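Coordinate inspection notes
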Amino acid sequence: MKIKGLRWLIVGLVGLATVINYIDRNALAVMWPQISKDMGVGKEEYALILTCFMLSYAAGQTIFGKIFDALGTRVGFMLSILAWSASIALHSVARSVLTLGILRAALGVSEAGNWPGAAKANAEWFPVRERAFAQGIFNAGASVGAIISAPLIAWLFLTFGWRATFLVIGVLGVLWVVPWAIVCRAAPEDHPWLGDEERQHILTGQRPTTGDTETDYRPTWSGLLRHREAWGLILARFFIDPVWWLFVSWLPIYLAERFGFDIKQIGLFGWVPYVGAAVGSLFGGWISGWLIGRGWRPVKARKWAITLGGVFMLPALLLTIGASTPLHAVLLIAVILFGFQIAINNIQTLPSDYLPRSVGSLAGISGTAAVAGVLITTWIVPVATKVSYAPVFIMGASLVPLSILSIWLLGGRGERLVDPALAARTTNGVNS
């Protein structure tokens, strides 16, 4: 049996896993107004619980990056999604902030695997020119998950209550594992359902995977940090990811405090910004692929796409300060997230351009840096929003140019990363 377009089915399943990932992680924020009443806690406790999630999420990015490089995408995804599904289901028995913190930590470390895993699958299943668009499909899954989660969680909450809601959404990941285990049977080189034409299209469009000492370079974590390009990615993620998480983690609370929304109203408005994010994911992938098709080097195309994303984000963040109606606010946030997804889609594709054989490790370590940035902003928000949310939007606007500059100043000219010792020996040999 041969399946035409198997690579798109693979990335579609990865995108679906991301939808589930975001439904699970957003459930707490959407239902927090009621959960906080039941537990008698406020924003400070919410920030503490979120910190537990983000600390473990930071560690999980790096840990699962290595797991995916060692065990492959098939097993890595199964481990990740089964663990996070169990964690979110167990939220139903939480009785205190301590219990929620422990369960959010378990959720964070396991959900983190989705991102280095997606980057790894993208590098394996797509030629260079298609990778950013494939990454866009995956990133669109995060946006679709956010779009679905607000109304879905609100409906489940109003129908069953928050405890049963956690149980129901925990089942989704378990159901996903079945088609993934069947479809993702092997890598493209050996997959029995992959047609010869598509196999050739995938493999010939990638950089060589054997017989090339540069491509076979697989640095350790410390080895990665010897490359300025790795630091460009690390800093870019450190600065830009907090912008996304400001809205993923705080949008429902912002709508509740700024406009007096209840959970039903959050469900009606909270999905709107993520429509912009979904469109930005696909557009960001398309634009860099289009530039590569016109003869641009991949890294140059990614850099300009990242810059374009910042052009949308920066003014929209500042304009949101003056938003006087909920519709005005969510439409401006949609523009912010549109630009964010253009940028992050291309930032997350760069590891496959730099290190074809260590994509998971580089994606994971930069993802850990992203979470470090998010942790800092997580604790700033409760303090900065005592009077208004203006300081938060100003902070987000200041982070955008720092991320773009990191890529331009440290991102190199687009060459693959090679072993510095090998490069030195080669240079010495040429010079002699």
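Residues numbered from 1 in each chain as written. Predicted model: local features only at pLDDT ≥ 70, side-chain atom pairs only at ≥ 80, totals over all residues. Heavy atoms only, no water.

1. Details of the nonpolar core
What counts is decided by this rule: Nonpolar core, defined: a set of buried Ala, Val, Leu, Ile, Met, Phe, Trp, Tyr and Cys residues in which side-chain atoms within 4.5 Å join the residues together. Summary of the burial criterion: residues with accessible area below 20% of their type's maximum are buried, those above 50% are exposed, and those between are partly exposed, where the area comes from a 1.4 Å probe applied to protein chains only. Secondary structure follows DSSP: runs of H or I at least 4 residues long count as helices, runs of E at least 2 residues long count as strands, and numbering of each begins at the N terminus.
Among the nonpolar cores identified, the biggest contains 124 residues, and Trp 244 and Phe 247 are the most heavily contacted of them. Here the element with the most residues in this core is helix α1 (residues 6-39); it accounts for 18 residues.

2. Re the environment of Ala 369
To keep it simple, the criterion reads: By the convention used here, residues are in contact when the closest approach between their heavy atoms is within 4.5 Å.
Along the chain, Ala 369 turns up in helix α16 (residues 359-384). Since its relative accessible area comes to 11%, Ala 369 is described here as buried. Sequence separation between Ala 369 and Ala 236 is 133 residues, and the spatial gap between their C-alpha atoms is 8.9 Å. Ignoring sequence-local partners within four residues, the contact set of Ala 369 consists of Ile 234 and Phe 238.

3. Regarding the environment of Arg 413
Counting through the fold element by element, Arg 413 comes out in the loop between α17 (390-410) and α18 (420-431). Residues Arg 413 and Trp 155 lie 258 residues apart in sequence; the distance between their C-alpha atoms is 49 Å.

4. Digging into the confidence of the model for the protein
To keep it simple, the criterion reads: As a per-residue quantity, pLDDT reports the predictor's confidence and falls between 0 and 100.
On average, residues of the protein carry a pLDDT of 88, and 93% of them reach 70 or more. Predicted confidence for residues 208-214 stays below pLDDT 50, and this span has twelve contacts to residues more than four positions away or in other chains.

5. Notes on helix α4 (residues 97-111)
Since the α-helix turns once every 3.6 residues, residues separated by three or four places project in the same direction. Rules: For a helix, the expected span equals 1.5 Å multiplied by the residue count minus one.
The end-to-end C-alpha distance of α4 is 20 Å, a good match for the 21 Å that 15 residues give at a rise of 1.5 Å each. Turning to α4, its buried residues are Leu 100, Gly 101, Leu 103, Arg 104, Leu 107, Gly 108, Ser 110 and Glu 111.

6. Considering the packing of aromatic side chains
Counted only if it meets this: When two rings of Phe, Tyr or Trp (its six-membered ring) have centres within 6.5 Å they constitute a pair, described as stacked for plane angles under 30 degrees, edge-to-face for angles over 60, and tilted for the intermediate range.
Applying the stated criterion to the full structure yields 30 aromatic pairs. Judged by centre distance (5.8 Å) and plane angle (85 degrees), the rings of Tyr 254 and Phe 393 are edge-to-face. Here Tyr 254 is found in helix α10 (residues 228-259), whereas its partner Phe 393 is found in helix α17, with 139 residues between them in sequence. Note on accessibility: Tyr 254 and Phe 393 belong to one class, buried. Ring pairs connect the aromatic residues Phe 247, Tyr 254, Phe 259, Phe 261, Phe 269, Tyr 389 and Phe 393, which therefore count as one cluster.

7. Digging into the pattern of salt bridges
Put simply, the test is: What counts as a salt bridge is simple: a side-chain nitrogen of Lys or Arg found within 4 Å of a carboxyl oxygen of Asp or Glu.
Enumeration over the complete set of coordinates arrives at eight salt bridges. Between Glu 130 and Arg 7 there is a salt bridge, with the nearest N and O atoms lying 3.1 Å from each other. Of this pair, Glu 130 sits in helix α6 (residues 128-160) while Arg 7 sits in helix α1; the two residues are 123 residues apart in sequence, bridging distant segments of the chain. Like Glu 130, the residue Arg 7 is buried in the burial classification. Between Asp 241 and Arg 237 there is a salt bridge; the shortest N-O distance is 2.7 Å. Of the two residues, Asp 241 and Arg 237 both sit in helix α10, four residues apart, roughly one turn of that helix. Salt bridges sharing partners connect three or more residues here, namely Arg 7, Glu 130 and Glu 198.

8. Some details on helix α2 (residues 43-71)
Between the first and last C-alpha of α2 there are 40 Å, a value that for 29 residues agrees with the 42 Å anticipated at 1.5 Å per step. In the segment just after α2, Gly 72 is the residue with positive phi, at about 95 degrees.

9. A word on the side chain of Glu 130
For Glu 130, a relative accessible area of 17% puts it in the buried group. Aside from chain neighbours lying at most four places away, what touches Glu 130 is Arg 7, Trp 8 and His 201.

10. Quick word on the side chain of Arg 25
As a reminder, the rule being used: Identification of polar contacts relies on pairs of N or O atoms within 3.5 Å, with a donor-acceptor requirement for protein atoms, meaning one able to donate a hydrogen and the other able to accept it, and with residues adjacent in sequence counted only if both atoms are side-chain atoms.
In this fold, Arg 25 is placed in helix α1. Arg 25 sits in the buried class, given a relative accessible area of 4%. A polar contact of 3.4 Å, which involves the side chain of Arg 25, links it to the side chain of Tyr 57. Ignoring sequence-local partners within four residues, the contact set of Arg 25 consists of Phe 53, Tyr 57, Arg 104, Leu 107, Glu 111, Trp 115, Trp 245 and Val 248.

11. A closer look at the packing of α2 against α4
Selection criterion: Here the axes come from fitting lines to C-alpha atoms, over the contacting stretch only for helices, and the angles between their N-to-C directions go from 0 to 180 degrees. For classification purposes, angles smaller than 35 degrees are called roughly parallel, those larger than 145 roughly antiparallel, those between 65 and 115 roughly perpendicular, and all remaining angles oblique. By the definition used in this description, the sense in which the near helix is turned from the far one sets the handedness, with an anticlockwise turn below a right angle giving left-handed and a clockwise turn giving right-handed.
Running from amino to carboxyl end, α2 crosses α4 at an angle of 25 degrees, the nearest separation of the two axes being 6 Å. One finds that α2 runs roughly parallel with respect to α4. Relative to α4, α2 is oriented so that their crossing is right-handed. Taking contact as the criterion, the partners of Glu 45, Leu 48, Ile 49, Cys 52, Phe 53, Ser 56, Tyr 57, Gly 60 and Phe 64 in α2 are, on α4, Val 97, Leu 100, Gly 101, Arg 104, Ala 105, Leu 107, Gly 108, Val 109, Ser 110 and Glu 111.

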